[in-house]
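# Working through the structure, step by step
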Amino acid sequence: MITGFDRQRITVADGVALNVVVGGSGRPIVLLHGFPQTHLMWRHVAADLAADHTVICPDLRGYGDSDKPADPDGTTYSKRTMAADIVALARALGHERFALAGHDRGALVAIRAGLDHPGAVTHLASFDVLPTLDMWNVMRGTSAAVGFHLFLMAQPPGLPEQMISASADAFFGHFLDVWTRDPRAIPAEIRAAYLRASREAIPSIVADYRASAGIDVEHDQADRDAGHTLRMPVTVLQQDWGAMLGFDAASLWRAWAPDLEHHTVATGHFMAEEAPAEVINALRNLMT
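The structure reproduced in this document is the subject of the present report. The structure displayed is predicted, hence computed values, not measured ones.

## Thoughts on the overall build of the protein chain
- The secondary structure content of the protein chain amounts to 14 helices and eight strands.
- Here the protein chain has a C-alpha radius of gyration of 17 Å; the compact-globule value for 288 residues is 19 Å, and the two agree.
- Principal-axis analysis of the C-alpha atoms places the extent of the protein chain at approximately 45 × 40 × 40 Å.
- Per-residue burial for the protein chain yields a buried fraction of 59% across its 288 residues.
- Counted over contacts in the protein chain with a minimum sequence separation of 6, partners at least 24 positions apart contribute 75%.
- With an accessible surface of roughly 11,300 Å², the protein chain has 53% of that area assigned to carbon and sulfur atoms.

## Re helix α6 (residues 159-166)
- By the burial criterion, the buried members of α6 are P160, E161 and I164. Down the axis, α6 shows its buried residues gathered within 95° of arc, on one side only. In α6, the exposed positions angled more than 90 degrees off the buried face are occupied by L159, Q162 and A166.
- Here the buried face of α6 lies against α5 (148-152), α7 (168-178) and α9 (202-212).

## As for the packing of helix α2 (residues 79-92) against helix α3 (residues 105-116)
- For the pair α2 and α3, the least separation of the axes is 8 Å and the interaxial angle reads 80°. For the element pair α2 / α3, the angle class is roughly perpendicular. Residues K79, R80, M82, A83 and I86 of α2 touch α3, and the partners they reach there are R105, L108, V109, R112, A113 and D116.
- Its residues assigned to classes, the contact of α2 with α3 comprises six nonpolar, no polar and five charged.

## Thoughts on the packing of aromatic side chains
- Going through the model one piece at a time under the given rule, you end up with 11 aromatic pairs.
- Between W42 and F127, the ring centres sit 6.2 Å apart and the planes meet at 55°, which makes this aromatic pair tilted. One end of the pair, W42, is in the loop between β3 (27-32) and α1 (43-49); the other, F127, is in strand β6 (residues 121-127), with 85 residues separating them in the sequence. Just as W42 is buried, F127 falls in that class too.
- Between F175 and W179, the aromatic rings sit 4.8 Å apart at their centres with planes inclined by 50°, giving tilted as the arrangement. W179 carries the same exposure label as F175, and that label is buried.
- Connected via pairs of aromatic rings, a cluster forms that spans F35, F148, F171, F172, F175, W179, Y209 and F270.
- Sitting over the ring of Y209, R105 keeps its end group 3.8 Å from the ring centre.

## Focus: the pattern of salt bridges
- What the rule picks out here adds up to 18 salt bridges.
- Among the salt bridges present, the one from R43 reaches E273, with a minimum N-O distance of 2.7 Å. Remark: E273 occurs in helix α13 (residues 271-274) and R43 occurs in helix α1; sequence separation between them is 230 residues.
- Owing to a relative accessible area of 5%, E273 belongs among the buried residues under this scheme.
- R284 is the salt-bridge partner of D48, the closest N and O atoms lying 3.0 Å from each other.

## Concerning the sheet that holds strand β2 (residues 16-23)
- Read from one edge of the open sheet, eight strands run β1-β2-β4-β3-β5-β6-β7-β8, paired in mixed fashion. The open sheet has two edge strands with one neighbour each: β1 (6-13) and β8 (260-264). Across the sheet, the axes of successive neighbouring strands diverge by a mean angle of 20°, strand direction being ignored.
- Its contacts with the sheet put α2 on β1, β2, β3, β4 (53-58) and β5 (98-103), and the angle it makes with β1 is roughly 125°.

## Topic: the packing of α7 against helix α8 (residues 188-199)
- It is the contact of α7 with α8, at a shortest axis distance of 9 Å, that shows an interaxial angle of 130°. Comparing their axes, α8 and α7 come out oblique. The hand of the α7/α8 crossing is right-handed. Between α7 and α8, the contacting residues are A168, D169, F172, G173, L176 and D177 on the first element and R191, Y194, L195, S198 and R199 on the second.
- The class makeup of the residues in the contact of α7 with α8 is five nonpolar, two polar and four charged.

The rules we used
- Throughout this description, residue numbers start from 1 for each chain and increase along the sequence as written.
- With pLDDT at 70 or above as the cut-off, local features in this predicted model cover only qualifying residues; side-chain atom pairs require 80 or more to be listed or tallied, and sums for whole chains, interfaces and linings still use all residues.
- Note: side-chain values were computed over all heavy atoms of the structure, leaving out hydrogens and water.
- A helix here means a DSSP run of H or I that spans at least four residues, while a strand means a run of E at least two residues long, and both kinds are numbered starting from the N terminus.
- In this description the radius of gyration comes from C-alpha coordinates, and the expected globular size is given by 2.2 Å times residues to the power 0.38.
- Categorising residues by exposure relies on relative accessible area from a 1.4 Å probe, with only protein chains included: less than 20% of the type maximum marks a residue as buried, more than 50% marks it as exposed, and the intermediate range marks it as partly exposed.
- By definition in these notes, contact holds between two residues if any of their heavy atoms fall within 4.5 Å.
- Residue burial considers only the protein chains on display, and all accessible areas are found by Shrake-Rupley using a 1.4 Å probe.
- Think of the arc as the fan of directions from the helix axis to the C-beta atoms.
- To obtain each axis, a line is fitted to C-alpha atoms, and for helices this fit is confined to the stretch in contact; angles are then taken between N-to-C directions over 0 to 180 degrees.
- Just so you know how the angles are binned, under 35 degrees is roughly parallel, over 145 roughly antiparallel, 65 to 115 roughly perpendicular, and the rest oblique.
- Three residue categories are used. Nonpolar comprises Ala, Val, Leu, Ile, Met, Phe, Trp, Tyr, Cys and Pro, charged comprises Asp, Glu, Lys and Arg, and polar comprises the others, including Gly.
- Two rings from Phe, Tyr or Trp (for Trp, the six-membered ring) form a pair when their centres are within 6.5 Å of each other. A pair whose planes differ by under 30 degrees is stacked, one over 60 is edge-to-face, and the rest are tilted.
- Geometrically, a lysine NZ or arginine CZ counts as sitting over a ring once it is within 6 Å of the ring centre and also within 35 degrees of the ring normal.
- When a carboxyl oxygen of Asp or Glu is within 4 Å of a side-chain nitrogen of Lys or Arg, the pair counts as a salt bridge.
- The pairing criterion for strands is at least two bridges between them, as found by DSSP.
- Helix crossings are classified by the rotation of the near helix relative to the far one: an anticlockwise turn of less than a right angle makes the crossing left-handed, while a clockwise turn makes it right-handed.

Set out below in structure tokens:
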């Protein structure tokens, strides 16, 4: 639990309920976690923002203690479906409009929510991703090996799940280790919680990634072809992946977000845990 927050379980779709913690009061902001994490990644940021905001931290469908429905047709974990979950969650808590921030996988859900539900999302923040369409376009050559997990989990059902299940803690722990510059940012008890949650959700985590190599690309391409952009103010914090993979991150983002604040940071990937003050400052500035 995040200190001072209340836990709830809220139905957001037919047969799907999300585990969520809620705290504070004031203008609402929803915080979406990344991989291989749960809502606990926001523990520092959420506690600060709750001083003057209603802060809503769910586990995404397929993660943590939220429901993990089967994926018979490849759409159950599309970011469109997962974004609709978040809009339904906020509405169930009494908020028709809200700010939205996401890290990693949660950022992809947030981007899709901003594109599909511009009337609901007032402000949007993304931490350490590119939009899905651009992500695949920049993954080229040997430097793209940093994203090997994207290609593994893009494979048809069966082999990825079997391989990851054979050494789940080693697989998920690898990312917690190599993506963190300050190991103290994820203490042992939090790391154990992330590993437990991930090994209990292998099919749904793989389905989430598989969707990003299929239907999510189709949705992004349709928006790109139609000229759709994010209409709300957008703040992006990310590591300097462009230096490694050879792209201009701010330029790619600006094509999606005309009202953009883009900043390169010196932290590791898990910036809400490694540099919470920097993330808090970015969110507060965005919502000013």
